[in-house]
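# Tertiary structure, described
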Amino acid sequence: MSVQCRRSHHVAAVYDTGIGPVILTHPGPHAHGSKDFIDTGHHAAPRPDRLDLLQAGRGVGDEIPAWCDCGPVQLSRTHLLGRLQAHDRKVILG
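So, here is what we can say about the structure in this document. Worth saying up front: this structure is predicted, and the values here are computed from it rather than measured.

## Focus on the pattern of salt bridges
Across all of its chains, the model carries two salt bridges by this definition. For the salt bridge of Arg50 with Asp52, the shortest nitrogen-to-oxygen distance reads 2.5 Å. Take Arg50: its relative accessible area is 30%, and that puts it in the partly exposed class. Accessibility expressed as a relative area gives 16% for Asp52, which makes it buried. The closest approach of N and O atoms between Arg83 and Asp88, which form a salt bridge, is 2.5 Å. Arg83 sits in the partly exposed class, given a relative accessible area of 24%. Given the relative accessible area of 27%, Asp88 is considered partly exposed.

## Here's the deal with the pairing of strand 3 (residues 20-25)
In terms of burial, strand 3 is a largely internal element, five of the six residues being buried. Taking the residues between adjacent antiparallel strands as the criterion, strand 2 (residues 10-17) and strand 3 are bridged by two residues. As paired elements, strand 3 and strand 4 (residues 50-53) share four bridges and run antiparallel to each other. By the bridge assignment, Ile23 is partnered in strand 4 with Asp52.

## Quick word on unusual backbone geometry
If you check the backbone angles, Ser8 has positive phi at about 70 degrees while not being a glycine. For Ser8, the location among the structural elements is in the loop between strand 1 (2-4) and strand 2. The class of Ser8 is exposed, set by a relative accessible area of 51%.

## A few points about the environment of Leu51
With respect to the helices and strands, Leu51 occurs in strand 4. Separated by 24 residues in sequence, Leu51 and Pro27 place their C-alpha atoms 10.0 Å apart. When sequence neighbours within four positions are dropped, the list of residues in contact with Leu51 reads Val22, Ile23 and Leu24.

## Describing the environment of Gly20
Tracing the backbone through its elements, the reader meets Gly20 in strand 3. Note on Gly20: relative accessible area 13%, which makes it buried. For the pair Gly20 and Leu53, spaced 33 residues apart in sequence, the C-alpha to C-alpha distance is 7.2 Å.

## Some thoughts on the nonpolar core
In terms of nonpolar packing, the biggest core is built from 16 residues, with Val3, Val11, Ile23, Leu54, Leu75 and Leu80 touching the most fellow members. Sorting the residues of this core by element identifies strand 2, strand 5 (63-68) and helix 1 (77-85) as the ones contributing at least two each.

## Overview of the sheet that holds strand 7 (residues 90-92)
Consider a sheet: its strands pair through backbone hydrogen bonds, and that pairing is either parallel or antiparallel. With respect to topology, five strands assemble into an open sheet ordered 4-3-2-1-7, the strand pairing being mixed. Of all the strands in the sheet, just strand 4 and strand 7 have a single pairing partner and so form its edges. Between one strand and the next, the sheet's axes are offset by a mean angle of 20 degrees, whatever the strand orientation. As paired elements, strand 1 and strand 7 share three bridges and run parallel to each other.

The rules behind the values
The residue numbering used here restarts from 1 in each chain and proceeds along that chain's sequence as written. Residues qualify for local features only when their pLDDT is at least 70, as the model is predicted, and side-chain atom pairs are given and counted only at 80 or more; totals for whole chains, interfaces and linings, by contrast, use all residues. Heavy atoms from the whole structure form the basis of all side-chain values; hydrogens and water molecules are not counted. One speaks of a salt bridge when a side-chain nitrogen belonging to Lys or Arg is within 4 Å of a carboxyl oxygen belonging to Asp or Glu. Relative accessibility decides the category of a residue: with a 1.4 Å probe and only protein chains considered, values under 20% of the type maximum give buried, values over 50% give exposed, and everything between is partly exposed. Only DSSP runs of H or I reaching four residues or more are called helices, and only runs of E reaching two or more are called strands; each is numbered from the N terminus. Pairing between two strands is assigned when DSSP locates at least 2 bridges connecting them. Residues count as neighbours in contact if any of their non-hydrogen atoms are within 4.5 Å of one another. Within this scheme, the nonpolar core is defined by two criteria: the residues are buried Ala, Val, Leu, Ile, Met, Phe, Trp, Tyr or Cys, and they are joined through side-chain atoms within 4.5 Å. Lines fitted to C-alpha atoms define the axes, with helix axes restricted to the stretch in contact, and inter-axis angles between N-to-C directions lie between 0 and 180 degrees.

Right, here's the structure in full:
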């Protein structure tokens, strides 16, 4: 499942794995490659992506930090799990 802002910036991706759904985010500003998916900065160290289990265990908050050109955003685990269970392929943040 792809997560995008209203301006179609790529914010996150959700993948189904053997241990459950995981979410891949870019937690800070990043260079842009093809449709924001691949960082292609020149002469810069790559910025690490953040990988989290979507179904977090006890003591883990609902919010996941992410980033797009519009600035920092907080993603809701509960909202994304609901959209995943509804078999949505794309989520546009409001």
